[in-house]
Every structure is written in structure tokens, then in C-alpha cells.
Amino acid sequence: MRMSMALAAAAVSLVPAMAQASPYTDEAAWRAAVSNVYALETFDALATGSDVGTLSALHITFLPLNDGTQPTVQPYSSTGGIVKSGGNNLLNDRDFSLPARGPINVVPDTPGEFLYGLGLWNVGGDDQLRLTFYDAADNIIEQVTSSPAFGFFGLVNSSGAVRAQVDFVGGNGYAPTDDWQTAVRSTFIPGGVPEPASWAMMIAGLGVVGASMRRRAARVSFA
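Everything numeric here is computed off the predicted structure, so don't read it as measured data.

Conventions we followed
Residues numbered from 1 in each chain as written. Predicted model: local features only at pLDDT ≥ 70, side-chain atom pairs only at ≥ 80, totals over all residues. Heavy atoms only, no water. Buried < 20%, exposed > 50% of the residue type's maximum accessible area, 1.4 Å probe, protein only. Helix = DSSP H or I, 4+ residues; strand = E, 2+ residues; numbered from the N terminus. Pairing = 2+ DSSP bridges. Contact = heavy atoms within 4.5 Å. Polar contact = N/O pair within 3.5 Å; in protein donor to acceptor, adjacent residues only side chain to side chain. Salt bridge = Lys/Arg side-chain N within 4 Å of Asp/Glu carboxyl O.

So, on to the pairing of strand β2 (residues 38-41). Only one face of β2 is covered, namely the one carrying Ala 39 and Glu 41; the face carrying Tyr 38 and Leu 40 has none of its residues buried. Direction of pairing for β2 relative to strand β13 (residues 177-183): antiparallel, over a ladder of 4 bridges. The residue of β13 that forms the bridge with Ala 39 is Thr 182.

Okay, here's the thing in C-alpha cells:
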């Protein structure tokens, strides 16, 4: 019985005890880290000038900017910057004025769900952007900073974030972004999501515990 309990404890201990996140500035590496399970939004199929609220394909909702307006879909011909894909990008402004309207914040579109991966491109041409993951207590899990002018930046988090924020490290705070990507998410597991091998060991350990308890109960019943 003591050995069975030890096996179960060892199996459970394989689950990470704390939230872990990894920063990426390489898009291919980020995709590999989420096992190529991701959704992509290029904003090119959305109407120019439209507000962005919920993106169902990405399972995220955009919170209002500092002045209560929403991020908008805008053409590169108006925003400037370096084109990543198509003709549109996502901007934290609506009238191309400086300074812009604050950081972009997103949350999962379904209450009780969590973000496990988010990546995007800084296409502003001069601003440097930062992506931050926050936990349920609004503590920072991890951050990653983009290149100063153009480039991918993203996070992968084993336990799930309740909010992600894109803000500005340098420049005028007016910066287009493009090619937002999210990892497919599942129900939150405190302490992280164990690898398949960890699951197998955990189930095996618990099975041994159950069998041992049944044998002990049988011995007691016949005593």
C-alpha cells in the first residue's frame, strides 16, 4: 500500500506546480511549441475601418482601449508600417492620430477558458511592442518583446492566461499589428497540462492504488 501511494504521488508530481510560459520571436518555433494547432487572423477578410470585438476563430475577445473605443481594421496604405500579409492590419486607433489609444487587451471569448498560446506580428516600422500574459490574480506570467520595427513575437503558457496585453516599449504608442494567432485551448488544469506520458503514469499509479485498496477491503471483509 505504501509503495502504491508513492507511485501515485510520483505520477501526480509530474504535473508542473507553477504556471510556465515561454517567449518566442520566431514564428516557426512558436507554432512548433503549440504542435501546429493554431488559428490565424490576417484581418484581410474584415471590413476596413471596422471595430474588432470577438474573433471566434481565435477564441478571443478584444477589450476596449483606454478611451472606450475598440481596435480597428485599417489598411497599410493609411497606417504605414511594413506589410506582413494582405492589405489590412489591426490598429489601436481609428483616426490615425498621435498618440494612439493605449494597449490592446484580449481575453478568452468563453468564460472559464484560458489562453495557452498567442502570437502576432509587429508591423509598425518604428515602435517596439511587448506581449504579456496575466493569471487570474492579475500577476504577470511572462512577457516577450518584439523587434523594434518588424517581427513576430509570442508566448506559449502551460497553465493558461486569463488576459493578454500588447503594449508599447518604445515609440509613440501607435503601431499596427498583423497575423494574430492563438493556440487551441482546453479546460484549465491547475498547475499545468501534463504531457501524455505523465497522464499515463498518473493513471497507472492511481490504478495501482485502487487495486490495492480493493484487496485490503476484501481482506477486512473476510477477517
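Okay, back to it.
Turning to the environment of Gly 81, a few remarks are in order. Checked against the element boundaries, Gly 81 lands in the loop between α3 (76-79) and β6 (88-91). Separated by 43 residues in the primary sequence, Gly 81 and Gly 124 place their C-alpha atoms 4.3 Å from one another. Not counting the four nearest positions on each side in its chain, Gly 81 is found in contact with Val 123, Gly 124 and Gly 125.

Let us now look at the sheet that holds strand β7 (residues 104-108). Overall, antiparallel pairing links the 6 strands, which are arranged β3-β4-β7-β12-β9-β10 in an open sheet. Two strands close off the open sheet at either side, each with one partner strand: β3 (54-55) and β10 (140-145). In the sheet, β7 pairs with strand β12 (residues 163-170) via 3 bridges, with the strands oriented antiparallel. If you follow Asn 105 over to β12, its bridge partner there is Gln 165.

With that settled, consider the environment of Glu 27. Here Glu 27 lies in helix α2 (residues 27-33). For the pair Glu 27 and Gly 151, spaced 124 residues apart in the sequence, the C-alpha separation amounts to 8.9 Å. Polar side-chain contacts of Glu 27 include one of 3.3 Å to the side chain of Trp 121.

Okay, the pattern of salt bridges next. Summed over the entire model, instances satisfying the criterion amount to 8 salt bridges. The closest approach of N and O atoms between Arg 31 and Glu 27, which form a salt bridge, is 3.3 Å. Of the two residues, Arg 31 and Glu 27 both sit in helix α2, 4 residues apart, roughly one turn of that helix. Here Asp 67 and Arg 101 are joined by a salt bridge, their closest N and O atoms 2.7 Å apart. Here the residue Asp 67 occupies a position in the loop between β4 (60-62) and β5 (72-75), and Arg 101 occupies one in the loop between β6 and β7, the gap between them amounting to 34 residues. When its relative accessible area of 16% is taken as the criterion, Arg 101 is described as buried. By sharing partners, the salt bridges in this structure join Asp 67, Asp 93, Asp 95 and Arg 101 into a single network.

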